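Summary of structural features
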Amino acid sequence: MSPRLTLPAVAATVVSALLLSACASQKAPATADVAVSQAAVENAAQAGAAELAPAELTSAREKFARANQALKERDYKLASELATQAQAEAKLAQSKATSAKATSAADAVQENIRVLREELDRANSANK
Amino acid sequence: MNKTFTQKAVTPLVLSLVLALSACSSTPVTTSTLDQARSDYTAAQNGSVAQYAPNEFKAATEALNAANTAASNREDLTKIDQLASLAKTKIATAQEVARTKQAEASLKGATQEREQVRLQARTAEAEAARRNAEQAQRDAEAAKAQAEQASAATRDAQAQASALAAQLAELKAKQTERGMVVTLGDVLFNTDQAVLTSAGTATVQKLANILRDNPDRTVLVEGFTDSTGSTAHNLELSQRRAESVRAALAQMGIERNRVETRGYGEAYPVAGNNTAGDRQLNRRVEIVLSEAGKPIQARR
């Protein structure tokens, strides 16, 4: 290294330091993204996605695992991308499970009504 | 830097870049995933997804816009695919949320409907129960009326039977195997005549009353004499006396077809013919009253 500090050299050092700190500052969002995606996957599993949306949940879990791996390997950009995908897929799995439950509940009540109506009609015609 | 060199070197570079760009712009950058995301989005837009899941639909719109922007910026195909895939997932999520909201709305409506149907069922049940109770009440009333009618009929029949018994007792009727028999002695006729005395008419009137009160009974009037005189005369006299009773009954309003007559003359005496008292016993008219609705057995 040259003992003489030139202006460009100083500038380069400052820029690279800035770049590094910028890189370092990316660590926090990626960790947060991965954490959020983990929460989303857990919520989906709790909503019954394992039975009602297995493909979506599996894909979300797999993306989350890869995001975690990327985080360990300090590939924050990839970790963030995978976490975003995992979160979106987990949300889809959860929505799918919720809508399946709501739909089957609505269907059950409709069926209930149909049976009730049938009984009513039978009772009415029997009393006539 | 040398300006001349730069100009010489740059010109072909710019040319090739322009060519490359124009080649690209004639075939817009897209991927099958992006195409799919766009068509999913259109389908969601045409449905009621925006209405039922506005937040999710907005997120999906933003994701698709990001993918579209990447495509028009000719970014890396992998990057475009990634964004398109994300958009697809968000569109699907919006659709699922909308589906949930629709199901919930339907569930709410259906629950109300179910309550209505249940209410109808209960009303129908109550109505049926009321109708049944009313019917039972009517049945009970009818049965009671019927029972009252039956007991009234029994009372009537009993009253009629006891009235008949009293009337027959007054006539000194005797029970025989052919039925009740009323005997009119010859004192009720003028001697050797078939004309009823006033006492005889009064007795026949009692018989007429019985026949009027008991329309299902008929009578057989049988005439008898003692053995004095010719058989032919006695037969004729006994017949005339029987006929005289029928005529009197007819005058009292009893149909002639309910009264049969038979003259037996001196046959069937009830006593000897040696003394005046016995002969008087033989001079008689017997009136046989039928059982209700039955014919009278002939004398054996």
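Residues numbered from 1 in each chain as written. Chains lettered and ligands numbered in written order. Predicted model: local features only at pLDDT ≥ 70, side-chain atom pairs only at ≥ 80, totals over all residues. Heavy atoms only, no water.

Let's talk about the overall build of chain A
Note the following rule: Labels follow the DSSP assignment, with helices taken as runs of H or I lasting at least four residues and strands as runs of E lasting at least two, numbered in each case from the N terminus. Accessibility here uses a 1.4 Å probe with only protein chains present; expressed as a share of the type maximum, an area under 20% marks a residue as buried, one over 50% as exposed, and anything in between as partly exposed. Here, two residues are considered to be in contact whenever any of their heavy atoms come within 4.5 Å of each other. For the accessible areas, the method is Shrake-Rupley and the probe is 1.4 Å, while residue cover comes only from the protein chains on display.
When helices and strands are counted, chain A shows five helices and zero strands. Walking chain A from its N terminus toward its C terminus, one meets helices and strands in the order α-α-α-α-α. Across the 128 residues in chain A, those meeting the buried criterion constitute 30%. Relative to all contacts within chain A whose residues are 6 or more apart in sequence, the contacts with residues 24 or more apart total 72%. Element-wise, carbon and sulfur atoms account for 60% of the exposed surface of chain A, whose accessible area totals about 7,900 Å².

Notes on the pattern of salt bridges
Residue and element names in this part refer to chain B. The condition that has to hold: Should a side-chain nitrogen of Lys or Arg be within 4 Å of a carboxyl oxygen of Asp or Glu, the pair is scored as a salt bridge.
Summed over the entire model, instances satisfying the criterion amount to 23 salt bridges over all chains. Across the pair D226 and R283 runs a salt bridge whose closest N-O atoms are separated by 2.7 Å. One end of the pair, D226, is in the loop between β3 (219-224) and α7 (231-251); the other, R283, is in the loop between α8 (276-282) and β5 (284-289), and 57 residues separate them in sequence. With a relative accessible area of 6%, D226 lands in the buried category.

A look at the interface of chain B and chain A
As a reminder of what qualifies: Buried area is understood as the total, over both parts, of accessible area removed when two parts are fitted together, assessed with a 1.4 Å probe. In the analysis that follows, any N or O atom pair within 3.5 Å is treated as a polar contact, provided that within protein one partner can donate a hydrogen and the other can accept it, and provided that, for residues neighboring in sequence, both atoms belong to side chains. For this scheme, ten residues count as nonpolar: Ala, Val, Leu, Ile, Met, Phe, Trp, Tyr, Cys and Pro. Four count as charged, namely Asp, Glu, Lys and Arg, and the remainder, Gly too, count as polar.
At the interface, 25 residues of chain B touch 24 residues of chain A. In total, about 2,200 Å² of surface goes out of reach between chain B and chain A, with carbon and sulfur atoms giving 66% of it. Broken down residue by residue, the surface that chain B buries against chain A is led by E96, R114 and V117 of chain B, which jointly contribute 22%. Two residues, E113 of chain B and R117 of chain A, come together in a salt bridge whose shortest N-O distance is 3.2 Å. Taken together, the links from chain B to chain A amount to four residue pairs in polar contact (both at pLDDT 80 or more). A class-by-class count of the residues in the side of chain B that touches chain A yields ten nonpolar, seven polar and eight charged.

Section: the packing of aromatic side chains
Residue and element names in this part refer to chain B. Inclusion rule: Two rings belonging to Phe, Tyr or Trp (six-membered ring only in the last case) form a pair when the distance between their centres is within 6.5 Å. Interplanar angles under 30 degrees mark stacking, angles over 60 mark edge-to-face geometry, and anything in between is tilted.
Taken as a whole, this structure holds four aromatic pairs over all chains when the rule is applied. With a centroid separation of 5.5 Å and 15° between ring planes, the pair formed by F224 and Y264 is classed as stacked. Note that F224 is positioned in strand β3 and Y264 in the loop between β4 (259-263) and α8, a separation of 40 residues in sequence. Summarising the burial analysis for this pair, F224 and Y264 share the class buried.

Focus: the environment of A79 of chain A
Residues and elements named next belong to chain A. Checked against the element boundaries, A79 lands in helix α5 (residues 76-127). The spacing of A79 and K63 is 16 residues in sequence and 9.3 Å in space, taken between C-alpha atoms. When near neighbours in sequence (up to four residues on either side) are disregarded, A79 contacts A30, V34, A67, A70 and L71.

Examining the nonpolar core
Residue and element names in this part refer to chain B. The test is simple: Residues grouped as a nonpolar core are buried Ala, Val, Leu, Ile, Met, Phe, Trp, Tyr and Cys residues, joined through side-chain atoms within 4.5 Å. Domain limits in this description derive from either an automatic procedure or a database domain assignment.
In terms of nonpolar packing, the biggest core is built from 26 residues, with L184, V219, V221, V245, L249, I287 and L289 touching the most fellow members. The set of elements that each furnish at least two residues to this core consists of α5 (77-170), β2 (179-185), α6 (198-213), β3, α7 and β5. Broken down by element, the residue count for this core peaks at five residues, all from α6. Residues from two domains meet in this core; each of domain 1 (32-171) and domain 2 (174-289) gives at least three. Other than its neighbours up to four places away in sequence, V219 contacts L211, L249, R258, V259, E260, I287, V288, L289 and I296.

What to know about the sheet that holds β4 of chain B
Residue and element names in this part refer to chain B. Stated formally: When DSSP finds at least two bridges between two strands, those strands are taken to pair. Axes, fitted as lines to C-alpha atoms, cover a helix only where it is in contact. Angles between the N-to-C directions of the axes lie from 0 to 180 degrees.
A sheet is described by the order of its strands in space; here five strands give the open sequence β1-β2-β5-β3-β4, paired in mixed fashion. Two strands in the sheet have a free side with no partner beyond their single neighbour: β1 (174-176) and β4. The sheet shows a mean angle of 25° between the axes of neighbouring strands, taken without regard to direction. Strand direction decides the pairing type here: β3 and β5, joined by six bridges, are antiparallel. Residue pairing across strands places G223 opposite V285, the latter belonging to β5. Across the sheet, α6 lies against β2, β3 and β5, angled at about 10° from β5, the strand it touches most.

Some thoughts on the pairing of β5 of chain B
In regular strands, side chains alternate between the two faces of the sheet. Residues and elements named next belong to chain B. With six of its six residues buried, β5 lies for the most part within the structure. Across six bridges, β2 lies against β5 in antiparallel orientation. Bridging from a neighbouring strand, T183 pairs with E286 of β5.

These values are about where atoms sit, not about what they do.
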